[in-house]
Amino acid sequence: KSVHLPYLTLLILIGCTECFPDDRQQNGTGRYDYCVLGAGPSGLQMGYFLSRAKRDYVILERNSGPGSFFNKYPRHRKLISINKIYTGSQNREFNMRHDWNSLLSDRPNLLLKRVSRDFFPPADAFPVYLSMFEKELGLRVRYGVDIGRIGAVRSPEGRRYILTDQHELDYTCSVLLVASGLWVPQRVEFVGSDLVEGYESISTDPEDYKDQAVLILGKGNSAFETAQSISGRAKLVHMLSSNPVRLAWQTHYVGDLRAVNNDLLDTYQLKSLDGLAEIPLDKIAITQLKEQGWSRSGAKKKVNKPKFCVTLKKYLQHQEEKNGSDARRAETLEYQLDNFSMRKPYDRVISCLGFRFNFSIFQSSARPLNSDNAKGRLPRLTAWYEGDNTPGLFVLGTAAHSRDYRSSAGGFVHGFRYTVRSVHRVLEQRYHGNPWQSTELSTTQLQSWILKRINEASGPYQMFEVLGDVILLRGSRCEYVEEFTLQALPRFSSLSGHEVSKHGLIVLVMQYGKNKVDYLGRGRADTEWTTAWKSNFLHPVLYYYDKLPTDEEMKLRPPGWPLPRPKAIHHMVEDFLTEWGTPISHIQPLRRFLEHCVQTDLRAFYAESCFRLSLAHRKPPLFCQQGYLKRQGVARDSRLWQRDQDGGPMPTVRDEGTSGADPAFPAHLAQAGASISAGLKLDF
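What you see is a predicted model; the values in this text were computed from it and never measured.

*Asks:* Is there a simple way to think about the pairing of strand β17 (residues 390-395) in this case?
*Replies:* Taken residue by residue, a regular strand's side chains alternate between the two faces of the sheet. Extensive coverage of β17 is indicated by the burial of 5 of its 6 residues. As defined by bridge partners, strand β6 (residues 170-178) adjoins β17 across 3 bridges and the pair is classed as parallel. In the strand pairing of β17, Leu 176 is matched with Leu 393. Looking at chain direction, strand β16 (residues 386-387) and β17 are connected through 2 bridges and run antiparallel. Looking across to β17, one finds that Glu 386 is bridged to Phe 394. Once β16 ends, the chain turns through 2 residues before running back antiparallel as β17.

Have a look at this one:
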């Protein structure tokens, strides 16, 4: 028995090593290459990429499980991110266009539909899914670590970040990835703001609002979600904000009001007591009258509960001394303006103004700057999601939405899962010398690859005008770089590790039209490929540059454009089915544009045609050079061969002296009004 003791001891030691692969996990502190702050969806998404790359990282989460925000929010427990499980396609990449909840991984079944099959899933399903994601992928998450202080120091190895938790234990890392989301309620300070209830603390039982007049501050989804929940019991619901309501189907911004929450618009427009109004919130005052009430004659009357009135700050006397309970009748708008829309008192006032980034945990050495947009409630970031003044600190997920605020989907799971992947690719290039993932293609394959991407790829489709594919032209070959951050294009070489050659580059972007149109009215869509640049709905746009744009050109780009003016631009006409694959409207114009950019014939030929062209021209088309002449021609088809014979001789690639119409241009296209321009817009 004693003979086996050493082996038993060895097995125990091996087992302990497996249980504690890193002694930092035993004492709860240590040094890491990467610290991820937060185990929400963006933190777990980054954890997946770091784990797959075998990097030294830890995810720190203050709560006991992942996605704790969704244990409470949205308050009325229905997500507005779609979960379309039937698309008619088995293509995983395509299906992610219509799955707005699942994270990216190499496991095809690690999707939210395993937890819920509802089109709008219950909020409780999302933490369950995130827990499943974390456990099945074996991500390194430490729960119960509440980081209360973050600072930065310089060391011989470079800048490092120190994160201190509730037990004064330190976590030190070279790169800090902040994925803490937005959870601090946004407030607007005005006279009487102390009388307002917060979205985060209100009752979600509609019976608690029975026969009450309720005023809601805000007109976003949380405000309308609340209004929709209580409108069946409340006497009336009014909504007040600085701006008119913005509808997602009009703005194409998923953060604006979604149809699933907009029932109150019906009751407002059909005049059933509810209503919407606009006043700058910093100009209002919420008052509780000192007297218990009044009649039109001025006589007092008794009320059982306090009532709240809306007035304007300018009508209050001694404003600097006022609080929300000091107003008198002469200071109310009913007294000042007898037909004011909100002249009747309210039983409750609720603030639903969204959330802001928690800047309070950052010391001055590590604190990101406030964004110039979104009322400064988000951190200011570079185009590659690094803090403007905090090198090595990157912000992920909803908190990084300042880069595409109100213009794309970066504040939502179906958008930031792709921006997180972009950040990881930046990290791999900068710290590990691994260039941005790319595919090397023959130039003759470029058209097919582009068509595949625009009909399947979910990253540029969801993060339209923010992420795009960059095609590096290299003569007879090209390099295809997927989902690069467009506004970082001037820094493309340093961020991606790929150089741009003298042949230039093409950038593929998905974008909406910039015209203001009625998106439900007649003529809302353009179906003519010759005027594809007038498309209003989502469609592919290709930009050709002979060299990388500069930072200055990026700053001076036309308003609403994702990129500076190129040498040539091509819009592919919008499509009702979002399928850009028709031969006349989509493929033919695309080929003509690509031929203009690469200065060569990109048509595909059968073996017989390549044989004749090789005999008749010193430089046959590129397809024949790379195929037939290398004994890779397409097998003979007698019918195609006969049609080819009837069509007459075909021109070479770019023979000197060749001019006029292309004899190979099909007659039916010419009759349809097609021309060699193929709808290109080359002049500016």
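*Asks:* Honestly, the pairing of strand β2 (residues 57-61) in this entry has me stumped. Any pointers?
*Replies:* For β2, a buried count of 5 out of 5 residues is recorded, marking the element as mostly surrounded by other parts of the structure. Side-chain alternation along β2 places Tyr 57, Ile 59 and Glu 61 on one buried face and Val 58 and Leu 60 on a second face that is also buried. Looking at chain direction, strand β1 (residues 30-37) and β2 are connected through 4 bridges and run parallel. Note on β2: the bridge partner recorded for Tyr 34 is Tyr 57. Handedness of the crossover joining β1 and β2 through helix α3 (residues 41-52) is recorded here as right-handed.

*Asks:* Sorry, what's going on with the state of the cysteines here?
*Replies:* In a disulfide, the sulfur atoms of two cysteines are covalently bonded to one another. The final tally for this structure, using the stated rule, is 1 disulfide. Here Cys 610 is linked by a disulfide to Cys 624, with a sulfur-sulfur distance of 2.1 Å. Measuring handedness by torsion sign, the sulfur bridge of Cys 610 and Cys 624 sits at about -80° and is left-handed. Note that Cys 610 is positioned in helix α16 (residues 607-616) and Cys 624 in helix α17 (residues 622-626), a separation of 14 residues in sequence. Here Cys 624 falls in the buried class, since its relative accessible area comes to 0%.

*Asks:* Any chance you could explain the environment of Ala 125 here in plain terms?
*Replies:* Counting through the fold element by element, Ala 125 comes out in helix α5 (residues 125-137). Residue Ala 125 is classed as buried on the basis of its relative accessible area, which comes to 6%. For the pair formed by Ala 125 and Arg 114, sequence separation is 11 residues and the distance between their alpha carbons is 9.7 Å. Aside from chain neighbours lying at most four places away, what touches Ala 125 is Leu 112, Val 115 and Ser 116.

*Asks:* Looking at this structure, I do not really get the sheet that holds strand β23 (residues 568-571). What am I missing?
*Replies:* Across a sheet, paired strands are connected by hydrogen bonds in the backbone, their directions being either parallel or antiparallel. Read from one edge to the other, the open sheet built from 6 strands follows the order β18-β20-β19-β21-β22-β23, with strand pairing classed as antiparallel. One side of each edge strand has no neighbouring strand; the edge strands of this open sheet are β18 (438-442) and β23. Strand after strand, the sheet turns through a mean of 20° between neighbouring axes, direction not considered. Against the sheet, helix α10 (residues 413-432) makes contact with β19 (467-474) and β20 (477-485), and its axis sits at roughly 120° relative to β20, the strand it touches most. Strands in contact with helix α15 (residues 583-598) are β19, β21 (505-511), β22 (539-545) and β23; relative to β23, the strand with the most contacts, it is inclined by about 165°.

Criteria and cut-off values
- Residues numbered from 1 in each chain as written.
- Predicted model: local features only at pLDDT ≥ 70, side-chain atom pairs only at ≥ 80, totals over all residues.
- Heavy atoms only, no water.
- Buried < 20%, exposed > 50% of the residue type's maximum accessible area, 1.4 Å probe, protein only.
- Helix = DSSP H or I, 4+ residues; strand = E, 2+ residues; numbered from the N terminus.
- Pairing = 2+ DSSP bridges.
- Right-handed = clockwise from strand over helix to strand, strands pointing away.
- Disulfide = S-S within 2.5 Å.
- Contact = heavy atoms within 4.5 Å.
- Axes fitted to C-alpha atoms, helices over the stretch in contact; angles between N-to-C directions.

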